[in-house]
Amino acid sequence: MQSLKVNLPGNRSYPIYVGTGCLDKLGEMLRLYMKTSKFILITDEQVASHYSGVFLPSFEKAKLHLDTIVVPAGEQTKNIETYHDLMTRFLELGAARDWAVIAFGGGVVGDLAGFAAATYMRGIPFVQVPTTLLAQVDASVGGKTGINHPRAKNIIGAFHQPALVWIDLAVLRTLGQRDLISGLAEVIKYGIIHDRDFFAFCEKNRTLLLEKDEHVLSDAVLRSCAIKADIVARDEREHSVRAFLNFGHTIGHALENLGGYERIRHGEAVFLGMLAEARLSTQLGLLSQTEYQRIERLLRQIPLQAVIEGIEPDRVMEVMRHDKKVQAGRLRYVLPISIGEMHIIEEPDPGLVREAVLHVLNDGWVCR
Ligand code: GLY
């Protein structure tokens with residue numbers, strides 16, 4: 001297995017392990033690595049149907065106690081009712097401060113289980129075992145946890161860093177094309193915001209990434225996690241560089257919201273948002289045409305299945321005003337000024353923002 005480290009102050013640094021076919025080694029690892037011996041694994045119905053019982057032998061061998069809670073799959077599970085049910089189950093199980101939570105699933109399970117761990121008894125440790133590409137390269141690293149409010153996504157949450165991230169690339173073999181592409185949005189995003197060479201790697205290996213070539217995916221996951229780990233270590237609470245991770249997300253979140261989270265998946269929204277925000281950057285004179293065209297070429301080569309018909313640009317503008325990224329009434333965009341280099345812009349000309357949104361919506365997503 002390969003490993004990386006997220007360096008944080010106050011004994012909160014943690015490792016990210018990346019391997020292939022390593023789920024059944026988790027128990028032994030936790031025995032060595034964690035002080036606790038009692039774990040509650042939280043997963044969803046879909047993941048449970050694929051991997052039921054996969055952890056038990058290694059937990060038994062390591063003499064660790066393991067309870068499992070299965071929640072329904074899907075974004076709508078990240079709500080206050082499921083969270084409340086989890087608290088009830090924790091109490092029924094007699095969970096105490098010396099217990100830990102394992103989040104085994106995609107971003108929804110990671111956020112929900114992480115938030116349950118962050119708040120139960122004012123915080124117990126948790127471990128991330130992400131099962132989607134998106135969760136492996138983004139959501140499982142960095143300690144953002146939370147649930148949705150009917151009026152706003154991820155608005156109830158806490159920073160709570162995991163004690164360990166355990167990534168098994170073999171789980172990606174069963175990942176559907178739409179989920180793969182959703183994860184690739186965040187992978188390509190790392191190239192644009194932070195690492196020109198990695199962007200070139202994504203250009204060169206686009207087809208292999210879409211074909212789930214294990215060698216190329218492994219490199220992509222490791223490099224993405226290394227970039228995220230570096231950014232989180234420099235700015236854990238998003239006062240500065242961590243905001244760069246929001247590239248494509250300001251417009252993207254609004255599209256995702258208007259698409260009802262199903263017509264447009266998170267990563268698909270990030271693709272659309274990155275294209276619109278890169279265009280905005282060019283219209284503002286920050287990003288050269290050549291750099292824009294290079295970004296556009298790669299993004300447009302990814303076959304999205306998002307349904308964007310019927311989304312009105314004025315509604316997108318309206319939804320963006322309620323974004324978490326509004327600070328003191330001012331909406332902030334992180335925009336590329338070249339591939340690998342970002343800049344934060346407050347309140348750009350709304351006419352240009354609308355034009356960039358319209359460009360993406362009008363043009364559909366025609367693969368080039
Ligand atoms: N997904 C963005 C962040 O972790 O900051």
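If you're wondering where the values come from, they're calculated on a predicted model, not measured in any experiment. (Residues numbered from 1 in each chain as written. Predicted model: local features only at pLDDT ≥ 70, side-chain atom pairs only at ≥ 80, totals over all residues. Heavy atoms only, no water.)

**Student:** In this structure, what is going on with the packing of helix H7 (residues 177–194) against helix H12 (residues 266–283)? I would like to understand it.
**Tutor:** When two helices pack together, their arrangement is given by the angle between the helix axes and by the axis-to-axis distance. Two elements in contact, H7 and H12, have axes separated by 7 Å at closest approach and are oriented at 40°. On the basis of the axis angle, H7 is oblique to H12. The handedness of the crossing between H7 and H12 is left-handed. Of the residues in H12, those touching H7 at Arg178, Ile181, Ser182, Leu184, Ala185, Glu186, Ile188, Lys189 and Ile192 are His266, Gly267, Glu268, Val270, Phe271 and Met274. The class makeup of the residues in the contact of H7 with H12 is 8 nonpolar, 3 polar and 4 charged. (Axes fitted to C-alpha atoms, helices over the stretch in contact; angles between N-to-C directions. Helix = DSSP H or I, 4+ residues; strand = E, 2+ residues; numbered from the N terminus. Parallel < 35°, antiparallel > 145°, perpendicular 65-115°, else oblique. Left-handed = near helix turned anticlockwise from the far one by under 90°. Contact = heavy atoms within 4.5 Å. Nonpolar A, V, L, I, M, F, W, Y, C, P; charged D, E, K, R; others polar.)

**Student:** Quick question: what am I supposed to make of the site of the ligand here?
**Tutor:** Around the ligand, the neighbouring residues are Asp138, Lys144, Lys228, Arg242 and Leu245. Here an oxygen atom of the ligand sits 2.7 Å away from a polar atom, N or O, in the side chain of Arg242. In isolation the ligand exposes 190 Å². Once the protein is present, 87% of that is buried. Per-class residue counts for the shell around the ligand are 1 nonpolar, no polar and 4 charged. (Near = heavy atom within 4 Å. Polar contact = N/O pair within 3.5 Å; in protein donor to acceptor, adjacent residues only side chain to side chain. Areas by Shrake-Rupley, 256 points an atom, 1.4 Å probe, with all protein chains shown as cover.)

**Student:** Whenever I open this one, empty space enclosed by the protein confuses me. Can you help?
**Tutor:** A water-sized probe rolled over the atoms picks out the places where empty space is left. Enumeration over the complete set of coordinates arrives at 1 cavity of 30 Å³ or more. Approximately 40 Å³ is the volume attributed to the largest cavity. Put simply, the parts of the chain that give the lining of the largest cavity at least two residues each are helix H5 (107–119), strand E6 (126–130) and helix H6 (133–139). Examining the composition of the lining of the largest cavity, we find that 3 residues originate from one element, H5, more than from any other. (1 Å grid on protein atoms, 1.4 Å probe; cavity = no way out; pocket = protein on both sides within 12 Å on 5 of 7 lines; lining within 4 Å. Points joined across faces, edges and corners; volume = space filled by probe spheres on them.)

**Student:** How should I be thinking about the packing of helix H8 (residues 196–204) against helix H13 (residues 289–300) in this particular structure?
**Tutor:** One way to put it is that H8 packs onto H13 with a least axis distance of 10 Å and a crossing angle of 45°. Comparing their axes, H13 and H8 come out oblique. In the crossing of H8 with H13, the sense of the turn from one axis to the other is left-handed. In contact with Arg196, Phe199, Ala200, Cys202 and Glu203 of H8, H13 contributes Glu291, Arg294, Ile295 and Leu298. Grouping the amino acids of the contact of H8 with H13 by side-chain chemistry returns 5 nonpolar, no polar and 4 charged.

**Student:** Please clarify how the sheet that holds strand E2 (residues 14–19) should be interpreted in this entry.
**Tutor:** What links the strands of a sheet is backbone hydrogen bonding, and the strands pair in either a parallel or an antiparallel sense. In space, the 7 strands of this open sheet follow the order E1-E2-E9-E6-E5-E3-E4, with mixed pairing throughout. For this open sheet the edge positions go to strand E1 (2–6) and strand E4 (65–71), each flanked by a neighbour on one side alone. The mean inter-strand angle of the sheet, taken between neighbouring strand axes irrespective of direction, is 20°. Pairing analysis gives 5 bridges linking strand E5 (residues 99–105) to E6, with the strands arranged parallel. For Ile102, the partnering residue across the bridge sits in E6 and is Val127. (Pairing = 2+ DSSP bridges.)

**Student:** Would you mind going over the pairing of strand E11 (residues 330–338) with me for this structure?
**Tutor:** Look at any regular strand and the pattern is simple: side chains alternate between the two faces of the sheet. Most of E11 sits out of view: 7 of its 9 residues are buried. Here E11 runs beside strand E12 (residues 341–346); their pairing, made up of 6 bridges, is antiparallel. By the bridge assignment, Leu335 is partnered in E12 with His343. Between E11 and E12, which pair antiparallel and follow one another directly, the connecting turn spans 2 residues, one of which, Gly340, has a positive phi of 100°. (Buried < 20%, exposed > 50% of the residue type's maximum accessible area, 1.4 Å probe, protein only.)

**Student:** What should I look at first to understand the nonpolar core in this one?
**Tutor:** The nonpolar side chains of soluble globular proteins are, as a tendency, buried together. Residues Leu30, Ile102, Leu133 and Phe271 are the most contacted members of the largest nonpolar core, which totals 104 residues. If you tally residues by element for this core, the top one is helix H10 (residues 214–234), at 10 residues. With residues near it in sequence (within four places) discarded, Ile102 still touches Leu26, Leu30, Phe39, Ile40, Leu41, Ile42, Phe59, Leu66, Val127 and Val129. (Core = buried A, V, L, I, M, F, W, Y, C linked by side-chain atoms within 4.5 Å.)

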